[in-house]
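Structure assessment
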Amino acid sequence: MKRSIFSLLCLLLVLASCNKSNTDSPQGAWYYANAFAYNVMQSYYLWNEDIADDLKHWSTSTNPVEKVKTVRVAQDRWTTLYEDYTRFEGTTTGTQKSFGLDITANWADESQTRVAGIVNYTYADSPAQKAGLQRGDIIITVDGSELTKDNYQQELGKLYSASQVRLGLQSGRDIDLTAVTMYMNPVQTVKTLQYEGRKIGYLNFTNFTLDACKDLETAFAGFKADGIDELILDLRYNGGGYAMTALVLASMIAPLDVVEEGAVYNKDVYNDILSSEMAQDTCFEPSYTLDKNTVVHAAQVNPGLKRLWVLVSGTTASASEALICGLKAHMDVYLVGTNTYGKYCGGVLIKAPDWFKAVKDSAPAGLDCQEAIRLLPLWGMYVIISRYADCNGVTLSMPSGIPADVDAPDMPWLPVELGDPSESMLGVALQTIVSSAAATAAVKSPAPAVLPLPRPGFGVLLH
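My aim in this report is to walk through the structure given alongside it, one point at a time.

Cut-offs used in this document
- Residues numbered from 1 in each chain as written.
- Predicted model: local features only at pLDDT ≥ 70, side-chain atom pairs only at ≥ 80, totals over all residues.
- Heavy atoms only, no water.
- Helix = DSSP H or I, 4+ residues; strand = E, 2+ residues; numbered from the N terminus.
- Rg over C-alpha atoms; globule rule 2.2 N^0.38 Å.
- Contact = heavy atoms within 4.5 Å.
- Lys, Arg positive; Asp, Glu negative; His and termini not counted.
- Charge placed at Lys NZ, Arg CZ, Asp CG, Glu CD.
- Core = buried A, V, L, I, M, F, W, Y, C linked by side-chain atoms within 4.5 Å.
- Buried < 20%, exposed > 50% of the residue type's maximum accessible area, 1.4 Å probe, protein only.
- Pairing = 2+ DSSP bridges.
- Axes fitted to C-alpha atoms, helices over the stretch in contact; angles between N-to-C directions.

Further remarks concern the overall build of the protein. In terms of regular secondary structure, the protein is built from 16 helices and 24 strands. Here the C-alpha atoms of the protein give a radius of gyration of 23 Å, agreeing with the 23 Å that 2.2 N^0.38 yields for 463 residues. Taking the principal axes of its C-alpha atoms as reference, the protein extends roughly 75 × 60 × 40 Å. Once local pairs closer than 6 in sequence are excluded, the contacts in the protein between residues at least 24 apart make up 75%. Taking the average place of the 36 positive charges on the side chains of the protein and the average place of its 51 negative ones, the gap between the two points comes to 2 Å.

Here we take up the nonpolar core. Counting 96 residues, the largest nonpolar core has Phe205, Phe220, Leu327 and Phe356 as its most contacted members. Residue contributions to this core peak at ten residues, all from helix α2 (residues 30-44). When sequence neighbours within four positions are dropped, the list of residues in contact with leucine 327 reads Ala250, Ile253, Ala254, Phe284, Leu308 and Val333.

Turning next to the sheet that holds strand β19 (residues 332-337). Pairing in this open sheet of six strands is mixed, and the strands run β10-β11-β12-β18-β19-β22 from one edge to the other. At either end of the open sheet lies a strand with only one pairing partner, and these are β10 (187-195) and β22 (406-407). Of the pairings in the sheet, the one linking strand β11 (residues 198-205) to strand β12 (residues 230-234) comprises five bridges and is parallel in character. Each bridged residue has a counterpart across the sheet, and for asparagine 204 the counterpart in β12 is aspartate 234. Here helix α13 (residues 319-328) sits on the sheet in contact with β12, β18 (307-312) and β19, set at roughly 145 degrees to β19.

Strand direction decides the pairing type here: β10 and β11, joined by eight bridges, are antiparallel. Its bridge partner lying in β11, leucine 193 is registered against isoleucine 200. In textbook terms, the turn of a hairpin is the stretch between consecutive antiparallel strands, and for β10 and β11 this stretch comprises two residues, one of which, glutamate 196, has a positive phi near 50 degrees.

Another aspect to go through is unusual backbone geometry. Residue proline 399 is bonded to the preceding methionine 398 through a cis peptide linkage, with omega at 5 degrees. In this fold, proline 399 is placed in the loop between β21 (380-389) and β22. Positive phi values are uncommon outside glycine, yet aspartate 143 reaches one of about 50 degrees. For aspartate 143, the position within the fold is in the loop between β5 (138-142) and β6 (145-146). Even without being a glycine, serine 318 presents a positive backbone phi close to 60 degrees. The residue serine 318 is located in the loop between β18 and α13 in this model.

In structure tokens, the structure reads:
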């Protein structure tokens, strides 16, 4: 495992334009936020050499949140400075204030003026599930506003950010939801399917949270006990998470001899500053610790598979893509669905108070770290620091995702639960497994184009 980034590097670089009088301006925190953001981008950013000229002209009086957006390279859609990192952090830990559902946006009419929000799934014991929402429900209004091409991102975005919301369904029902703080367990559906004489494991996994490892261990212990012949891993809605969780999952799936010899799972590429300290191979884990009292050996849970089937879509990103990339070098991995998202790099969340504490002993005159901590209690930056690759140095998802081997549309508007063999994508995967030739899509009509819908924390790989 990699060491703490603060134990590796604490470069303190100061802006030439630093002037503490800026702290007396209406944007008082900007002075220290700019100093923090500048130093993080200069030291840790994967593409720091590409933004060298922008770094030279960084001012402490500019809006630091917007400055980071303008400085990051064009291909980087993820590096972001937050005034409150806790909401971002919640999307990666799985515990946050939420209604507990996930949706897809689609056109609701042929003229492409109206939009519908389709429920993909709900989390167990969530407000959405308790209200009776389920896969296939169609949302046509939010807080009384009909969804259109002009307002749908704002209105449907409330489902990931608001505390209360009223949803109008196509069925005529109105549903009031109040968000609660909850752990959204990403190990959604675990089944062993008996399909045409084969035992086929199915796992729907929605987020690489650190707390997911224990439930993954339980799921795979069940698969091993059932003696599954094949595994279908459903990552169609998995936008990423922690690299450590991906490594644990990979060690449960890869051929057991590969895992037990500690073969290389992936490699990371860093900038010149970090590469000497952090560039190292990540290897499969023959055993790992779930908590201080529980050590799991791969042989106890790894079902000994020779190939893997993965359901993917345009929202399969980051740690999901890294998992596919790392496993493909060691076993046959077949993707069923549509092209993945294309998040081929990883990052870390650096909290401003932690950074200022780390550099306080070397801070130059004019940089009051205690004042910075007081003014920036919740500021932090998610910064891209590396590009992942397989054991051969190949990054399959760069630059625009990994193509599917077998085309299959996701059709969430059909009221078929995930894990049901008649569900569109799972049905194609099952047909393909038992067929000597690649199956064609079971659903005759093509799926309408999915509209972009920003999700907090989507496309994030955290080291």
